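Architecture and fold: a report
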Amino acid sequence: MASYLRTQPEQTVVVLHPCCHNPTGAELSTQQWDEIVAIVIERRLIPFLDLAYQGLGESFERDAYLVRALASANVAFLVANSFSKIFSLYGERCGSLSMVCANADEASRALGQMQQAVRRNYSSPPAHGGHLVETVLLDPALRAMWEAEVAEMRGRIHEMRGRLHEGLLRHHPDYDWGFLLAQSGMFSYAPVLAPHMDRLIQAHGVYIIESGRICIAGLNNQNVDRVAKAFASVLKEATAA
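Here's what I pulled together on the structure shown here. Note that the structure is predicted; figures quoted are calculated from it, not measured.

For the structure on display, the rule yields nine salt bridges. Here Arg-68 ties to Glu-61 by a salt bridge, and the two come within 3.4 Å at their closest N and O atoms. A salt bridge links Arg-143 to Glu-147, with the shortest nitrogen-to-oxygen separation between them at 3.1 Å. Placement of both Arg-143 and Glu-147 in helix α7 (residues 140–171) is noted, with a separation of four residues, approximately one turn of the helix. On the basis of relative accessibility, which here comes to 36%, the residue Arg-143 falls in the partly exposed class. In this structure Glu-147 comes out as partly exposed when scored by relative accessible area, which is 31%. Among the charged side chains, a salt-bridge network with shared partners connects Arg-170, Asp-225 and Lys-229.

Written out as structure tokens, the structure reads:
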């Protein structure tokens, strides 16, 4: 990733997931993000941060590390936040777009461009979801309750990831499933399963997408072991064939 970014022309817009990368679940360390920030400065790139899963990786603070690192380095960048996942507001399509600029003049000109884009795209967005988010974030008691509930969601996802890993080790110990524990967030990426997508659906009623992406958030106590058995079964069939 770092090598590729070093080849990009100046002013290239680079889309980055600060946490819980979708679809791979890859999670960069703070040291790796620092290296990316240095490359952004060196190559004069324009980061566009897709922050859709803040709070579902390690914590609200840690998941925003890249945002604060860029701001501290005085880099101009954009951040798109989604409240679909962490506020369960899928139906409202609620989020925000922020632009961090080098100075007031640049911010004024950027605001004019954003206003034009808003006017062309939706002009008057639905307000209900935004009011819900505002109410929760500005009320200390509600915010504390929300943060605790997101932490509970995060904990459940981590637990299901561990349970899936344990089940796969039990049903197919000959394969290295360690990558699942190195990944983070709602999804995991298992290209080894991609060729068996149709078999998983037809024989086991287990659905993944053709890239091999797995929805960890879709697992629960009732289905996680059955899913692990299905994954192990199709790989064993393929090996036997």
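Before going further, it helps to examine the packing of aromatic side chains. By the definition in use, this model includes six aromatic pairs. Relative to Phe-187, the ring of Tyr-53 has its centre 6.2 Å away and its plane inclined at 85°; by these criteria the two rings are edge-to-face. Of this pair, Tyr-53 sits in the loop between β2 (46–51) and α3 (60–63) while Phe-187 sits in strand β5 (residues 187–189), and the two are 134 residues apart along the sequence. Neither Tyr-53 nor Phe-187 differs from the other in exposure class; each is buried. Residues Tyr-175 and Trp-177 carry aromatic rings whose centres are separated by 4.7 Å and whose planes lie at 55° to one another, so their mutual orientation is tilted. The exposure class of Tyr-175 is partly exposed, given its relative accessible area of 29%. Here the aromatic residues Phe-60, Phe-83, Phe-87 and Trp-146 are joined through ring pairs into a cluster of three or more. Its guanidinium or amino end placed over the ring of Phe-187, Arg-213 lies 3.9 Å from that ring's centre, counting from NZ or CZ.

Now for the nonpolar core. Membership of the largest hydrophobic core comes to 59 residues, with the highest contact counts inside it found for Leu-164 and Phe-231. Examining the composition of this core, we find that seven residues originate from one element, helix α10 (residues 224–240), more than from any other. Excluding its chain neighbours within four sequence positions, the residues that come into contact with Leu-164 are Leu-180, Ile-216, Leu-219, Val-224, Val-227, Ala-228 and Phe-231.

With that out of the way, let us pick up the sheet that holds strand β3 (residues 77–82). What the four strands build is an open sheet, ordered β1-β2-β3-β4; its pairing is mixed. Single-partner strands in this sheet number two, and they are β1 (13–16) and β4 (95–100). In this sheet, adjacent strand axes meet at a mean angle of 15° when their direction is disregarded. Pairing analysis gives four bridges linking β2 to β3, with the strands arranged parallel.

A few words now on the side chain of His-171. By the element assignment, His-171 lies in helix α7. A distance of 3.2 Å separates the side chain of His-171 from the side chain of Asp-225, its partner in a polar contact. Ignoring any residue separated from it by four or fewer positions in sequence, one finds His-171 in contact with Asp-225, Ala-228, Lys-229, Ala-232 and Lys-236.

So, about the side chain of Glu-27. Positionally, Glu-27 belongs in the loop between β1 and α2 (30–43). Although buried, Glu-27 forms no salt bridge, and the nearest oppositely charged side chain, Arg-62, lies 4.5 Å from it. Side-chain polar atoms of Glu-27 contact the backbone nitrogen of Cys-20, separated by 3.0 Å. Setting aside chain neighbours within four positions, we find Glu-27 in contact with Pro-18, Cys-19, Cys-20, Gln-32 and Ser-184.

Quick look at the environment of Asn-103 now. Within the secondary structure, Asn-103 sits in the loop between β4 and α5 (104–121). Under the relative-accessibility criterion, Asn-103 is labelled partly exposed at 41%. Spatially, the C-alpha atom of Asn-103 lies 31 Å from that of Cys-20, the residues being 83 residues apart in sequence. A polar contact is formed between the side chain of Asn-103 and the backbone nitrogen of Glu-106, at a distance of 2.7 Å.

Procedures and definitions
Residues numbered from 1 in each chain as written. Predicted model: local features only at pLDDT ≥ 70, side-chain atom pairs only at ≥ 80, totals over all residues. Heavy atoms only, no water. Salt bridge = Lys/Arg side-chain N within 4 Å of Asp/Glu carboxyl O. Helix = DSSP H or I, 4+ residues; strand = E, 2+ residues; numbered from the N terminus. Buried < 20%, exposed > 50% of the residue type's maximum accessible area, 1.4 Å probe, protein only. Phe/Tyr/Trp six-rings, centres within 6.5 Å; stacked < 30°, edge-to-face > 60°. Lys NZ or Arg CZ within 6 Å of the ring centre and 35° of its normal. Core = buried A, V, L, I, M, F, W, Y, C linked by side-chain atoms within 4.5 Å. Contact = heavy atoms within 4.5 Å. Pairing = 2+ DSSP bridges. Axes fitted to C-alpha atoms, helices over the stretch in contact; angles between N-to-C directions. Polar contact = N/O pair within 3.5 Å; in protein donor to acceptor, adjacent residues only side chain to side chain. Lys, Arg positive; Asp, Glu negative; His and termini not counted.

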